[in-house]
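Observations on chain architecture
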Amino acid sequence: LHFWLFLGIYLAALLGNGLIITAIVCDHRLHTPMYFLLLNLSFLDLGSISTTVPKAMVNSLWDTRAISYTGCAAQLFLFLFLMSAEYFLLTVMAYDRYVAICKPLHYGTLLGSRACASMAAAAWGSGFLYAVLHTANTFSIPLCQGNDLEQFFCEIPQILKLSCSQSYLREVGLLVISACLLFGFFVFIMLSYMQIFRAVLRIPSGQGRHKAFSTCLPHVAVVSLFLSTGMFAYLKPPSISSPLPNLVVSFLYSVVPPAVNPLIYSIRNQELKGAL
């Protein structure tokens, strides 16, 4: 059951993101800043879901739950790198939409090709530094309480449970600081979309308003799901920890967004559908 569930989700993510990447690369009409950011998002989605799901599928198929210590560290690093870079990129994309809708005459000045490439590079670089910091800090903690993570991939909270010293509090402090930083980005995203909604409400056409809302609201929903479940997984107290809720929450923030992003960012996009 686990294997077929993960296989279906993984194939859907591969197909959706692969089609978006192919369409944007092959159609010169889509060589614009907005689609450049969407191209980066699709690469991050493919990478993040490929870091966790294939290993879980292999374990389910062969009825094993083993992963090497090095493999666990590599999986944790890649997952943190790709998911944090994706969150930073979603922040940039919210700003891109804000400028396009609320300041269309300044779009070429504020978000030219060079500015877009710089912001995308900043998202990738920030994700890399974030992953290095947390991975190095987590795996420098002495572990002595068994080796059972109770999760389908290597996750920081589960690794911290195996610690046998107070040094794990250092990583907890880093997680709290990171959560505050990510929440700040979330506030920026929400403010951007609030300005977008205000602009959209002034559109005289009811059809135009409906199209804008049906495009923007799913973006907000996915970002909210991603942040809320991720923060719950990493900041919840150990007293309310149990295997099934942990699995569900981790599934919601690690597997669902990469699988549904292609659908959300392309279903209302006529240019992308035309290119496909």
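A quick note: this is a predicted structure, and the numbers were derived from the prediction, not measured. Along each chain, the written sequence defines residue order, and numbers are assigned to residues from 1. Note on the predicted model: pLDDT of at least 70 is required for a residue's local features to be given, and 80 or more for side-chain atom pairs to be given and counted; whole-chain, interface and lining totals, by contrast, use all residues. Only hydrogens and water are removed before side-chain values are computed, so all heavy atoms of the structure are retained for them.

Let us look at the packing of helix H2 (residues 33-61) against helix H5 (residues 113-138). Axis definition: a line fit to C-alpha positions, over the contact stretch in the case of helices; interaxial angles, taken between N-to-C directions, run 0 to 180 degrees. In this description a helix means any DSSP run of H or I spanning at least four residues, a strand means any run of E spanning at least two, and both kinds are numbered starting from the N terminus. Here H2 crosses H5 at 20°, and the two axes come no closer than 9 Å. Relative to H5, the element H2 is oriented roughly parallel. Here the hand of the crossing between H2 and H5 comes out right-handed. Taking contact as the criterion, the partners of Pro-33, Phe-36, Leu-37, Asn-40, Phe-43 and Leu-44 in H2 are, on H5, Ser-113, Cys-116, Ala-117, Ala-120 and Trp-124. Three classes are used, and their members are as follows: Ala, Val, Leu, Ile, Met, Phe, Trp, Tyr, Cys and Pro are nonpolar, Asp, Glu, Lys and Arg are charged, and the others, Gly among them, are polar. Of the residues in the contact of H2 with H5, the class split is nine nonpolar, two polar and no charged. Roughly parallel means an angle under 35 degrees; roughly antiparallel, over 145; roughly perpendicular, 65 to 115; everything else is oblique. By convention, the crossing between two helices is left-handed when the near helix turns anticlockwise from the far helix through less than a right angle, and right-handed when the turn is clockwise. Any pair of residues with heavy atoms lying within 4.5 Å of one another is described as a contacting pair.

Space inside and on the surface of the protein is sampled on a 1 Å grid over the protein atoms alone, with a cavity defined as a set of points where a 1.4 Å probe fits but cannot get out and a pocket as an open set with protein on both sides within 12 Å along at least 5 of 7 lines; lining residues have an atom within 4 Å of a point. Grid points are joined across faces, edges and corners, and a volume is the space filled by probe spheres set on the points. Within this model, the largest pocket holds a volume of roughly 890 Å³. Forming the walls of the largest pocket are 33 residues, and the residues nearest its centre are Arg-65, Glu-150, Gln-151, Phe-152 and Phe-153. Breaking the lining of the largest pocket down by element, the ones donating at least two residues are helix H1 (2-26), H2, helix H3 (69-102) and helix H9 (243-254). The biggest single contributor to the lining of the largest pocket is H9, with five residues. Looking at side-chain class alone, the lining of the largest pocket contains 20 nonpolar, eight polar and five charged residues.

Note on definitions: salt bridges are taken to be side-chain nitrogens of Lys or Arg within 4 Å of carboxyl oxygens of Asp or Glu. Evaluation of the coordinates by the stated rule reveals two salt bridges. Where Arg-97 meets Asp-96, a salt bridge forms, and the shortest distance between an N and an O atom there is 2.9 Å. Residue Asp-96 is classed as buried on the basis of its relative accessible area, which comes to 2%. For each residue, the accessible area found with a 1.4 Å probe, counting protein chains only, is set against the maximum for its type, and the residue is called buried under 20%, exposed over 50%, and partly exposed in between.

What follows concerns the state of the cysteines. Two cysteine sulfurs form a disulfide in these notes if their separation is within 2.5 Å. Within the structure shown, the criterion is met by one disulfide. Disulfide pairing places Cys-72 opposite Cys-154 at an S-S distance of 2.1 Å. Across the S-S bond linking Cys-72 and Cys-154, the dihedral sits near -130°, which makes this disulfide left-handed. In this pair, Cys-72 sits in helix H3 while Cys-154 sits in the loop between H5 and helix H6 (156-160), placing the two residues 82 residues apart along the sequence. Cys-72 sits in the buried class, given a relative accessible area of 8%. With a relative accessible area of 2%, Cys-154 lands in the buried category. Free cysteine Cys-116: the closest other cysteine sulfur is in Cys-102, separated by 16 Å.

For the rest of this paragraph, the subject is the UniProt feature "transmembrane region" (unreviewed entry) in the protein chain. In the numbering adopted here, UniProt assigns the feature "transmembrane region" (unreviewed entry) to residues 6-26, 33-53, 73-95, 115-133, 172-191, 212-235 and 247-267. With 100% helix and 0% strand, residues 33-53 has its two end C-alpha atoms placed 30 Å apart. Across residues 73-95 one finds 100% helix and 0% strand; the C-alpha atoms that close the span lie 33 Å apart. UniProt positions are given in the numbering used here, feature names are shortened, and annotations may be inferred rather than shown by experiment.

The next point concerns empty space enclosed by the protein. Evaluation of the coordinates by the stated rule reveals one cavity of 30 Å³ or more. Volume-wise, the largest cavity comes out at about 330 Å³. Together, 19 residues line the largest cavity, and Tyr-130, Leu-182, Gly-230, Met-231 and Tyr-234 are the ones closest to its centre. Contributing elements (two or more residues each) for the lining of the largest cavity: H3, H5, helix H7 (168-201) and helix H8 (206-235). The leading source of residues in the lining of the largest cavity is H8, at six residues. Considering only residue class, the lining of the largest cavity consists of 15 nonpolar, four polar and no charged.

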